[in-house]
Each structure stands twice: as C-alpha cells, then as structure tokens.
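Now for the letters of each chain:
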Amino acid sequence: MTEYIDFCSMNNISVFILENEYFGYYIHGRSAHGHADVGLREMHENFARESRDLCSKRGLQPESDQQTFQMALPRKLKARYDRILLPVLAAQVQGGSAVTGANLRAGEGIQGDSSVPLDPGVAMTISAYGTLNHLLQNFLDHTLKGVDYSVVNKSFIEQILDMEFQDSSEFGYFYRDNGHSFDQLFFYGNEMMLLVFEMLFFGLVDLGTKDFFFTGAMLFILMEIVVKKFRDGIGKSNLAKKTLVDKRFLI
C-alpha cells in the first residue's frame, strides 16, 4: 500500500474515497514538484531534490509527510457533492446514451474538434467531472466558502473503539492514520481475513455434506467465480459511475 501512495504522488493524483455517506479516506497525492508530466531525467532530478530536502513535503499540511487520512465530512460538502453527481447518475439511469460514454462508438466525438459535437451524456459528464474536481480541490485548500475542516489525531479511546466522537455535521475532520487505513476497502491487504472466511466456509459445507471434493469445488466456485467476478464487474461499474471516468479507462 505504501507503493500505491508513492504511485499517486508520482502521478500527481489525490484519491477521495467515501465508504459511506459522510465518512471515508483520503490519499494526498499532490506532487511536491507541482506537476508530474516530466521526462525520465527530470523525474530522477525530482527524486534527488526530495532526498536532499530541497522541495516541499508530500503531506497535506506544510512540512508534513502525512499523506493518508480518515475523514469525517460536513453535511454542506456532501450536499454540494450530491448536487453535482446525482443529476449525472439520474441521467444514466433514465436511459439514452450512457453518461460514462461506454456506449459511444470508438472515436466518436472525442477528438477535441469543435466541429464534431460531443454526445450529450459525455458532455454532461465532462462538465460534472470538472466541477467536482474544482469543489474538492477548494475544500482541501481551505478556500471553499462556508465549508472547512481541520487535521487532528484520534484520541486514545477513539483509536481503541475505532470510532469518531467529534461532531462533523458542520465542520469536517481529517484524522491522521497509520498510513494504510484505506486498505480496509480492498481485497489486497486482507488476505488473512479472506483465508479465515474460506476456512470457515469449507468447514461448514464439509460438515453438512461429508464430501471433501464437493466442498472444495463449492469453495472454488464461490471465491473464483462468484466473489471475484461479482466484485470485478459490479465494482468496475460502480467506480466508473462515482468517479465519472469512462469504464474503458479502468484496467
């Protein structure tokens, strides 16, 4: 997961993840050099500047290397977020051309030529994408009027109970974490939990069927076909909708 955070910094990409309505995770990937579209030589020069402490830190706060946070968001920010995103999702549900552009014919309206009109769904998505990026950037830079946050540490009790006691309905909080709390959302990094689940499933089915080979086949079908395919297919569609990124760009 540390390599993933480094990858975000190298590509000047920050990640804003909502696990539920008002709680999520943030990876601060803004490049310490201001841009990431550089050649190999300049990339190594940037690494050298960082190693010699000749540039700013990678962290969200000045002179800080803390790049990952748990976040409790204020209601006003989520309301603005929904006002941008929900019309796009509603337009996609209503039919017509897919808002994500997945139903576009290859090359249709994507050359950037003003004489070639964009599909209405794609134009709507592009506009919402830019507006949403601008909203989140302003929020992170403390320049969003009426909506702000502070970076804090969780109290000892909050860490033990894995809960947040501060009211974030009007004012947001970014909690410094252990550097990889967002891995709770991925299969990667949760191999032990998956192993325990597989062992429990195997034991339960074997207890009822008394058939070792049948149980193994059921476990294979569940994990490799049902869970993996379901998470890959549904997860990719959900990611394309929520990030407003065409599904064809998701590897």
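Conventions used here
- Within each chain, residues carry numbers counting from 1 in the order of the written sequence.
- Totals for whole chains, interfaces and linings use all residues, but because this is a predicted model, local features are given only for residues with pLDDT of at least 70 and pairs of side-chain atoms are given and counted only at 80 or more.
- To obtain the side-chain values, all non-hydrogen atoms of the structure were used and water was disregarded.
- pLDDT gives the predictor's per-residue confidence on a scale running from 0 to 100.
- It only takes one pair of heavy atoms within 4.5 Å for two residues to be counted as in contact.
- Working definition: a ring pair exists when centres of Phe, Tyr or Trp rings (six-membered ring for Trp) sit within 6.5 Å. Plane angles under 30 degrees give stacked, over 60 give edge-to-face, the rest tilted.
- In DSSP terms, a helix is any run of H or I states spanning at least four residues, a strand is any run of E spanning at least two, and both are numbered starting from the N terminus.
- Accessible area is worked out with a 1.4 Å probe on protein chains only. A residue is then buried under 20% of its type maximum, exposed over 50%, and partly exposed in between.
- Put simply, a nonpolar core is a bunch of buried Ala, Val, Leu, Ile, Met, Phe, Trp, Tyr and Cys residues held in one set by side-chain atoms that sit within 4.5 Å of each other.
- We call a crossover right-handed when, viewed with both strands directed away from the observer, the connection leading from the first strand over the helix to the second proceeds clockwise.
- Axis lines are fitted through C-alpha atoms, for helices just across the contact stretch, and the angle between N-to-C directions can take any value from 0 to 180 degrees.
- We call two directions roughly parallel when the angle between them is under 35 degrees, roughly antiparallel when it is over 145, roughly perpendicular when it lies between 65 and 115, and oblique otherwise.
- A clockwise turn of the near helix away from the far one marks a right-handed crossing, whereas an anticlockwise turn of less than a right angle marks a left-handed crossing.
- As a working rule, the residues Ala, Val, Leu, Ile, Met, Phe, Trp, Tyr, Cys and Pro are called nonpolar, Asp, Glu, Lys and Arg charged, and the rest polar, with Gly in that last group.

A. Representation of the confidence of the model for the chain. Residue-level pLDDT values for the chain average 81, and 90% of them are 70 or greater. Low pLDDT, under 50, characterises residues 96-111; the stretch is placed with 25 contacts to residues that sit more than four places away or in other chains.

B. Representation of the packing of aromatic side chains in the model. Taken as a whole and assessed by the stated rule, the structure comprises 14 aromatic pairs. Aromatic side chains Phe16 and Tyr26 sit 6.3 Å apart centroid to centroid with 65° between the ring planes, which places their arrangement in the edge-to-face category. With Phe16 in strand E1 (residues 15-18) and Tyr26 in strand E2 (residues 23-27), the pair connects residues that are 10 residues apart, well separated along the chain. Classification of Phe16 by relative accessible area gives partly exposed; the value is 22%. With relative accessibility at 2%, the residue Tyr26 sits in the buried group. Ring geometry for Phe23 and Tyr25: centres 5.6 Å apart, planes at 75°, overall edge-to-face.

C. Expanded view of unusual backbone geometry. The phi dihedral of His142 falls on the positive side, at around 60°, and the residue is not glycine. With respect to the element layout, His142 can be found in the loop between helix H4 (120-140) and strand E4 (149-152). Exposure remark for His142: the relative accessible area of 43% places this residue in the partly exposed category. Of note, the phi angle at Leu244 is positive, near 60°, even though the residue is not glycine. Tracing the chain through its elements places Leu244 in the segment after helix H7 (212-243).

D. Up close: the nonpolar core. By size, the foremost hydrophobic cluster in this structure holds 22 residues, and its most contacted members are Tyr26, Leu60, Leu77, Leu135, Phe139, Tyr149 and Phe174. Looking at this core, the elements with two or more residues in it are strand E3 (68-72), helix H3 (75-93), H4 and E4. Top contributing element to this core by residue count: H3, with 6 residues. Look past the residues within four positions of Leu135 in its chain and what remains in contact with it is Leu77, Arg80, Tyr81, Ile84 and Leu144. Formed by 8 residues, the second largest nonpolar core is a distinct cluster that contains Ile5, Cys8, Phe23 and Ile27.

E. Expanded view of the side chain of Gln67. Locating Gln67 in the fold gives a position in the loop between helix H2 (40-51) and E3. Excluding anything up to four places from it in sequence, Gln67 contacts Ile5, Ser9, Tyr26, Ile27, His28, Gly29, Arg58 and Gly59.

F. Just the environment of Phe69, in detail. Checked against the element boundaries, Phe69 lands in strand E3. Owing to a relative accessible area of 2%, Phe69 belongs among the buried residues under this scheme. Sequence-wise, Phe69 and Tyr175 are 106 residues apart; in three dimensions their C-alpha atoms are separated by 5.3 Å. If near-sequence neighbours (up to four positions away) are discounted, Phe69 is found in contact with Gly24, Tyr25, Tyr26, Leu60, Val151, Phe174, Tyr175, Arg176 and Asp177.

G. Summary view of the environment of Leu136. Position of Leu136 among the secondary structure elements: in helix H4. By relative accessible area, Leu136 is classed as buried at 13%. Separated by 104 residues in the primary sequence, Leu136 and Ala240 place their C-alpha atoms 18 Å from one another.

H. Representation of the pairing of strand E5 (residues 172-176) in the model. Along E5, 4 of the 5 residues are buried, which leaves the element largely enclosed by surrounding structure. Read from E4 through helix H5 (residues 156-161) to E5, the crossover connection turns out right-handed.

I. Examining the packing of H3 against H4 more closely. As a packed pair, H3 and H4 sit with axes 10 Å apart at the nearest point and diverge in direction by 165°. With respect to H4, the axis of H3 lies roughly antiparallel. Between H3 and H4 lies a crossing whose hand is left-handed. Contacts between H3 and H4 involve Leu77, Arg80, Tyr81, Ile84, Pro87, Val88 and Ala91 on the former and, on the latter, Met124, Thr125, Ala128, Thr131, Leu132, Leu135 and Phe139. For the contact of H3 with H4, the residue count by class is 11 nonpolar, 2 polar and 1 charged.

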